[in-house]
Number of protein chains: 4
Amino acid sequence: MCTNVQYKCCHRFIMNPQHLYFDPIRREQVVGYRQEKTMNMNDMQSCIDACNKCYQTCLQTAMNHCLDTGGRHVEPAHFRLMMNCAQICQTSVDLQLSGSAFCAKYCALCAEICEACADSCAELDQMGDCEKVCRDCANSCRAMANQ
Amino acid sequence: MCTNVQYKCCHRFIMNPQHLYFDPIRREQVVGYRQEKTMNMNDMQSCIDACNKCYQTCLQTAMNHCLDTGGRHVEPAHFRLMMNCAQICQTSVDLQLSGSAFCAKYCALCAEICEACADSCAELDQMGDCEKVCRDCANSCRAMANQ
Amino acid sequence: MCTNVQYKCCHRFIMNPQHLYFDPIRREQVVGYRQEKTMNMNDMQSCIDACNKCYQTCLQTAMNHCLDTGGRHVEPAHFRLMMNCAQICQTSVDLQLSGSAFCAKYCALCAEICEACADSCAELDQMGDCEKVCRDCANSCRAMANQ
Amino acid sequence: MCTNVQYKCCHRFIMNPQHLYFDPIRREQVVGYRQEKTMNMNDMQSCIDACNKCYQTCLQTAMNHCLDTGGRHVEPAHFRLMMNCAQICQTSVDLQLSGSAFCAKYCALCAEICEACADSCAELDQMGDCEKVCRDCANSCRAMANQ
């Protein structure tokens, strides 16, 4: 992953380009932002939405379907992955909403965890919806990481 | 607030009513649930959506518009309320998604904080959208608390 | 609960009393703070520590001992309570650390949930440590709520 | 970073080695764990404590000292970094407490963000304590990532 990805990412939420802000790469106050490095706001919103859906789906499924079904659905490695995936996606939403300079790197890691969670869901019954949401989120996070 | 509200609330996510589960009020294993006490799933989903929108809007507005604008927008009491409102609404989403027995009581407190945040937003420029989202969430949480 | 409790609570983190800040009760800008209403910083730190320990213990116990043991330890109502207690205590830490005006009210609710979680732990094997941590946190939160 | 780090990490919380569990690397059910790959529990606890202290210090400092001081302390890039660092460290605590297979990779990213936050603190007055806590956490996270 290009070490510059965070540069593009951190500019996306600069809502008042006429304001001075601190550039974390150049380490100085700058005015406005370089347009060519701004990421597409639609892509950002898509990734926020995908992470939010994954956080909600994993948490709700784990705490209801998995606990109520029992058996392999509460096997430690699977259940942990569901809860960890929910937590990591929720933090990903937070970072993106707050305009963090680290959201691209974070999304790269988030994609790995979502993919692992999707694989774990694929081995169990009635987890097809959760698997699909995790795969979609992994794809969206990879796109964000590569911007 | 009726002390029974949590009883209704905790049943909403019982997806497999044929399963035994522990009733936190009667403190015994029961089968299924009493239909008349189940809350409307549409109301629950509305409240989850309202809390999720309030969490995202308060966080994004505080970390972008408020920080970029400065002045009264970063005055401690206002900024704290924005961040606390975001956090409390996010935890409210978690509790509702996980089928907590305490979501009605939690939503009653959440409504108070959203109302206070809306009042604080009303005193500042360009915070009308955030104010509206907070008022809507307060209304939705009050409805949940009174179910 | 006295409606004034939040007033005392919100003053505890005012580190620069010479600054103007917004008083959430009087709803106006004020200078400094009234000394007699400030809560004891040691009590605050005790409650932060108790909530932090409860958050960590419930989460670690649920995700390791309970999942590894299975059976009644992953029964939905018990497991949900463990995870909800962890989440609510963690948010309580956040509110207290950020100097929220709502931490007294929040702690009152947190105490109820910790007590319920302690009761649930008391019915299971090898949950004595978690039960004690929850009871200690409930006591600390009640003290904070009544300040 | 060795791709095997997560393997060592995910074994640390296996409290009942006689139980079957799913190995996320070998992708099969295994019994117990290979002792030589288990990480030192003292190192794990150190990293949990360092992340927890960093989460609390960044959050408390941002929401009190920085907001009360104003000026450069609420400059968007600095304030965002403080809040993002707090959030990422808190999620790191969660992953470690829950025995996640991804905690080594997560800690590698956490170390980067803590280091950036320490650098940002170093440019401001009266942020020496926060800077030190961030550097200590970065060191602890790097040790965890390299286990």
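What counts, and where the lines are drawn
- Residues numbered from 1 in each chain as written.
- Chains lettered and ligands numbered in written order.
- Predicted model: local features only at pLDDT ≥ 70, side-chain atom pairs only at ≥ 80, totals over all residues.
- Heavy atoms only, no water.
- Helix = DSSP H or I, 4+ residues; strand = E, 2+ residues; numbered from the N terminus.
- Buried < 20%, exposed > 50% of the residue type's maximum accessible area, 1.4 Å probe, protein only.
- Contact = heavy atoms within 4.5 Å.
- Areas by Shrake-Rupley, 256 points an atom, 1.4 Å probe, with all protein chains shown as cover.
- Axes fitted to C-alpha atoms, helices over the stretch in contact; angles between N-to-C directions.
- Parallel < 35°, antiparallel > 145°, perpendicular 65-115°, else oblique.
- Nonpolar A, V, L, I, M, F, W, Y, C, P; charged D, E, K, R; others polar.
- Least-squares fit on C-alpha atoms with pLDDT ≥ 70 in both.
- Salt bridge = Lys/Arg side-chain N within 4 Å of Asp/Glu carboxyl O.

An unreviewed UniProt entry lists chain A under the name Four-helix bundle copper-binding protein, from Undibacterium pigrum.

A. Up close: the overall build of chain A. Counting its secondary structure elements, chain A contains five helices and two strands. Ordered by position in the sequence, the α and β elements of chain A form the string α-β-β-α-α-α-α. Within chain A, the fraction of its 147 residues that count as buried is 64%. For chain A, restricting intrachain contacts to residue pairs at least 6 apart in sequence, the fraction spanning at least 24 positions comes to 65%. When the accessible surface of chain A is summed, it comes to about 5,400 Å², and 48% of that surface belongs to carbon and sulfur atoms.

B. A look at the packing of helix α3 (residues 76–97) of chain C against helix α2 (residues 41–69) of chain D. For the pair α3(C) and α2(D), the least separation of the axes is 9 Å and the interaxial angle reads 40°. Considering the angle they form, α3(C) stands oblique to α2(D). Residues Q90(C), V93(C), D94(C) and L97(C) of α3(C) form the contact with α2(D), whose participating residues are Y55(D), Q56(D), L59(D), Q60(D) and N64(D). A breakdown of the residues in the contact of α3(C) with α2(D) according to their chemical character gives four nonpolar, four polar and one charged.

C. The environment of C114(C), seen in detail. All names here are of chain C. Mapped onto the secondary structure, C114 falls in helix α4 (residues 103–122). Judged by its relative accessible area of 0%, C114 is buried. With 43 residues separating them along the chain, C114 and G71 place their C-alpha atoms 22 Å apart. The residues contacting C114, other than those within four sequence positions of it, are C54, C85, C89, C134, C137 and A138.

D. Representation of the relation of the copies chain D and chain A. Overlay of chain D on chain A (RMSD 0.0 Å): rotation 180°, translation along the axis 0.0 Å. Within this description, the copies of the chain are treated as partners about a two-fold rotation axis. Distance from the rotation axis, computed per C-alpha, reaches its smallest value in chain D at T91(D): 3.7 Å. Mapped onto chain A, 100% of the interface residues of chain D are again interface residues, and the two copies thus contact each other with one and the same surface.

E. Summary view of the pattern of salt bridges. Residue and element names in this part refer to chain C. Counted under the stated rule, the structure contains 28 salt bridges over all chains. One salt bridge connects D119 with R135, and the closest N-O pair in it is separated by 3.0 Å. With D119 in helix α4 and R135 in helix α5 (residues 128–146), this residue pair connects regions lying 16 residues apart in the sequence. Taking relative accessible area as the criterion, D119 reaches 28% and is therefore assigned partly exposed.

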